[in-house]
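# Geometric and topological summary
Chain by chain, the residues:
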Amino acid sequence: LHKTLRVSETKAGVEEDNKVSGDNAFKRGDFSSAVNFYTKALQSNQVHHPKAKLHSNRSACYAKLGKWVPALEDGQKALQESPRWHKAWMRVACAMEGLGNVLDAYCVYSKALGSCAEGKAELQRSMAALLPLIPVRDTHVSLDCRGSRCLERFQMDANFPRDRTRVFCISDVHIDQHGNIAWFKKLSDENFTNDVVIIAGDVGDTMNALRICLKEFKKRFRRVFFTPGNHDLWIRRDTSDGKMYPDSIAKMGAMHNVCQELGVDMGPAEVAQGIFVVPLFSWYNHTFDERDPTPGGLRYDSFCQWPPSLGGHLEVWKYFLLMNRERVGRDYKGGYKGPGTPYVFSMSHFLPRAELPYPMGVQEMAKAVGCKELDVQIQRIKSDVHVFGHTHMDMDTTMPGTDTRYVQSALDGGGGLYKLYEGHHLTGTRVDTNGFPI
């Protein structure tokens, strides 16, 4: 018995020595040795120190070494061992950030806020630090970052024949309202298989509705492009979204993952030879109201929740423009060397020009419909056609001083699919659910 106790104590001592040795190696910057010591401690027959702590420490070492995949694996193991420990969540988020999945990292921090009783201030600081990195380092958003999923999607159809491609647009599908889901029962399963559809926001109030809507489009179209509207970013507390997402940036991050899963695009792409689609994030700026450019007294879209570090709901439009920075810095037409005239189709949910019509009888509506600064980005990429939504007022028009056409075709406003391109040429034709002109 005494021998058994001594052997057990010896094992515990060795394991503790390995853990302490790992801690000391980490403190002096010898991260490879620290990994080895923590591994030995984990391999012990009797682990006396919490496994979550050992996996967390080893994850931190891998992060210091820039080995993000094993850092993520250890972070996930720490989280399995201790799902309410905020440090475990932070290890997972750190590894995701290192892999370039900055939006995913933000979502991990947001989930941790709802799971952990301690460390909330540290989690919130980490979330705030990630916000300015999303536009330039996230693989969903940035074309230029390492491992960009956005760039991979950009190039995949660059050689698709343009004479086999048609481009359609629609907005404000609101699949969860007014029986609009029935429209899909009429939409042809066969007539759009080579085609592209641009969906300019407001497909549903919940993530479940968004998934259903985008899935229905992807069944029928070769490429589907989506940019979120205000309803898409709502977080209603009486729905599952209220339990899942602490703010609308976290919900937008989840949208990117849903779109990746479905094969839907939220980033720019060359969808056929010289045919470019460029989704733009947008939010309204109260100065859009030229008669009274003050904030006003009403709070539209109170279901949207924004991180405090954005500076309040009146500053959200600035962050959304920042999200577009890399995609509007590209010379799409100048970089095209193939046959035919290149065309750029841009898209946003909100109006980019104050001259575009909107409902005039609604109190302070002008403060919640558009952002004039958005048009600067549209002109920078030399957009031929800009598709928008929100007001449910269909139009196809041009404005003085620009060659860009501004188009809205809202399903929930009585519209539907609108054809923008076919047979090497820009068009402007309302079509039925089989793609035939009305």
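Below: a short report on this structure. (Residues numbered from 1 in each chain as written. Predicted model: local features only at pLDDT ≥ 70, side-chain atom pairs only at ≥ 80, totals over all residues. Heavy atoms only, no water.)

### As for the packing of helix H11 (residues 207-218) against helix H13 (residues 248-262)
The cut-off we apply is this: Here an axis means a line fitted to C-alpha atoms, over the contact stretch when the element is a helix, while the angle between two N-to-C directions is reported on a 0 to 180 degree scale. Note on conventions: DSSP H or I runs of at least 4 residues are helices, E runs of at least 2 residues are strands, and numbering of each starts at the N terminus. Angle categories: roughly parallel below 35 degrees, roughly antiparallel above 145, roughly perpendicular from 65 to 115, and oblique for all the rest. Crossings are sorted by hand: turned counterclockwise from the far helix by less than a right angle, the near helix makes the crossing left-handed, and turned clockwise it makes it right-handed. In this description, contact between two residues means that some pair of their heavy atoms is separated by no more than 4.5 Å.
Where H11 contacts H13, the axes come no closer than 10 Å and their chain directions differ by 30 degrees. The orientation of H11 relative to H13 falls into the category roughly parallel. For H11 against H13, the interelement crossing comes out right-handed. Contacts between H11 and H13 pair Met-207, Leu-210, Arg-211, Leu-214, Lys-215 and Lys-218 from the former with Lys-251, Ala-254, Met-255, Val-258, Cys-259, Glu-261 and Leu-262 from the latter.

### A look at helix H7 (residues 120-130)
Here is the rule we go by: Under the scheme applied here, a residue whose accessible area is under 20% of the maximum for its type counts as buried, over 50% as exposed, and between as partly exposed, the area being computed with a 1.4 Å probe on protein chains only. This arc describes the spread of directions from the helix axis toward the C-beta atoms.
Where H7 is concerned, the buried positions are Leu-123, Ser-126, Met-127 and Leu-130. For H7, the buried positions fall inside an angular range of 100 degrees around the axis, keeping them on one side.

### Focus: the sheet that holds strand E2 (residues 196-199)
Our working definition: Only strands joined by at least two bridges in the DSSP assignment are considered to pair.
Strand order in this open sheet of five strands is E3-E2-E1-E10-E11, and the pairing throughout is mixed. Where the open sheet ends on each side, the last strands, each with one partner, are strand E3 (223-226) and strand E11 (425-430). This sheet shows a mean twist of 20 degrees between the axes of neighbouring strands, independent of strand direction. Most of the contacts of H11 go to E3, to which it runs at about 150 degrees, and overall it touches strand E1 (167-170), E2 and E3.

### Notes on the pattern of salt bridges
Cut-off, in case you're wondering: Salt bridges are identified by distance alone: a Lys or Arg side-chain nitrogen within 4 Å of an Asp or Glu carboxyl oxygen.
Using the criterion set out here, one finds 27 salt bridges in the structure. Across the pair Arg-149 and Asp-104 runs a salt bridge whose closest N-O atoms are separated by 3.9 Å. With Arg-149 in helix H9 (residues 149-155) and Asp-104 in helix H6 (residues 102-115), this residue pair connects regions lying 45 residues apart in the sequence. Through salt bridges with shared partners, one network takes in Arg-153, Asp-157, Arg-222, Arg-223 and Asp-265.

### Quick look at the packing of aromatic side chains
Put simply, the rule reads: Here the aromatic set is Phe, Tyr and Trp, taking the six-membered ring for Trp, and pairing holds for ring centres within 6.5 Å; pairs whose planes are under 30 degrees apart are stacked, those over 60 apart are edge-to-face, and all others are tilted.
Across all of its chains, the model carries 23 aromatic pairs by this definition. Each ring, one from Phe-276 and one from Tyr-336, has its centre 6.4 Å from the other, and the planes form 85 degrees; the classification is edge-to-face. Here Tyr-336 lies in the loop between helix H14 (316-323) and strand E6 (343-347) and Phe-276 lies in strand E5 (residues 275-279), a separation of 60 residues in the sequence. Tyr-336 gets classed as buried once you look at its relative accessible area, which sits at 14%. With a centroid separation of 5.2 Å and 70 degrees between ring planes, the pair formed by Trp-283 and Phe-350 is classed as edge-to-face. Of the two residues, Trp-283 is situated in the loop between E5 and H14 and Phe-350 in the loop between E6 and helix H15 (373-380); the sequence distance between them amounts to 67 residues. The class for Phe-350 is buried, based on a relative accessible area of 0%.

### Side note on the pairing of E5
Short version of the rule: When the strands point away from the viewer, a crossover counts as right-handed if the route from the first strand across the helix to the second turns clockwise.
Judged by how many residues are buried, E5 sits mostly within the fold: five of five residues are covered. Of the two faces of E5, both are covered, the one formed by Ile-275, Val-277 and Pro-279 as well as the one formed by Phe-276 and Val-278. Where strand E4 (residues 269-272) lies against E5, three bridges are found, and the strand directions are antiparallel. Note that in E5 the partner of Ala-269 across the bridge is Val-277. If you look at the hairpin formed by E4 and E5, you'll find two residues sitting between the two strands, and Gly-274 has a positive phi there, around 75 degrees. Viewed along the sheet, the connection from E5 through H14 into E6 turns out right-handed.

### Notes on the nonpolar core
The criterion, for reference: In this description, a nonpolar core means a group of buried Ala, Val, Leu, Ile, Met, Phe, Trp, Tyr and Cys residues linked to one another through side-chain atoms lying within 4.5 Å.
Counting residues in each nonpolar core, the largest one holds 102 residues, and the members touching the most others are Phe-217, Phe-226, Trp-283 and Leu-417. Here this core gets nine residues from one element, more than from any other, and that element is H6. If we skip the residues at most four places from it in the chain, Phe-217 touches Ile-170, Val-173, Trp-183, Phe-184, Leu-187, Val-197, Ile-199 and Val-224. Of all hydrophobic cores here, the second largest spans 21 residues; its members include Val-196, Phe-345, Val-407 and Leu-420.

### A closer look at the packing of helix H4 (residues 68-81) against helix H5 (residues 86-98)
In a pair of packed helices, the angle between the axes and the distance between the axes together describe the arrangement. Keep this limit in mind: Amino acid classes used here: Ala, Val, Leu, Ile, Met, Phe, Trp, Tyr, Cys and Pro are nonpolar; Asp, Glu, Lys and Arg are charged; the rest, including Gly, are polar.
As a packed pair, H4 and H5 sit with axes 8 Å apart at the nearest point and diverge in direction by 160 degrees. Between H4 and H5, the angle is such that the two are roughly antiparallel. As H4 packs across H5, the resulting crossing turns out to be left-handed. Mapping the contact onto sequence places Trp-68, Ala-71, Leu-72, Gly-75, Gln-76, Ala-78 and Leu-79 in H4 and Ala-88, Trp-89, Arg-91, Val-92, Cys-94, Ala-95, Met-96 and Gly-98 in H5. Per-class residue counts for the contact of H4 with H5 are eleven nonpolar, three polar and one charged.

### Quick word on the sheet that holds E5
The sheet built from six strands is open, its strands ordered E4-E5-E6-E7-E9-E8 with mixed pairing. At either end of the open sheet lies a strand with only one pairing partner, and these are E4 and strand E8 (395-398). Between one strand axis and the next, the sheet turns through 25 degrees on average, direction left out of account. Of the strand pairs in this sheet, E8 and strand E9 (residues 405-408) are connected by four bridges, and their pairing is antiparallel. Each bridged residue has a counterpart across the sheet, and for Met-395 the counterpart in E9 is Gln-408.

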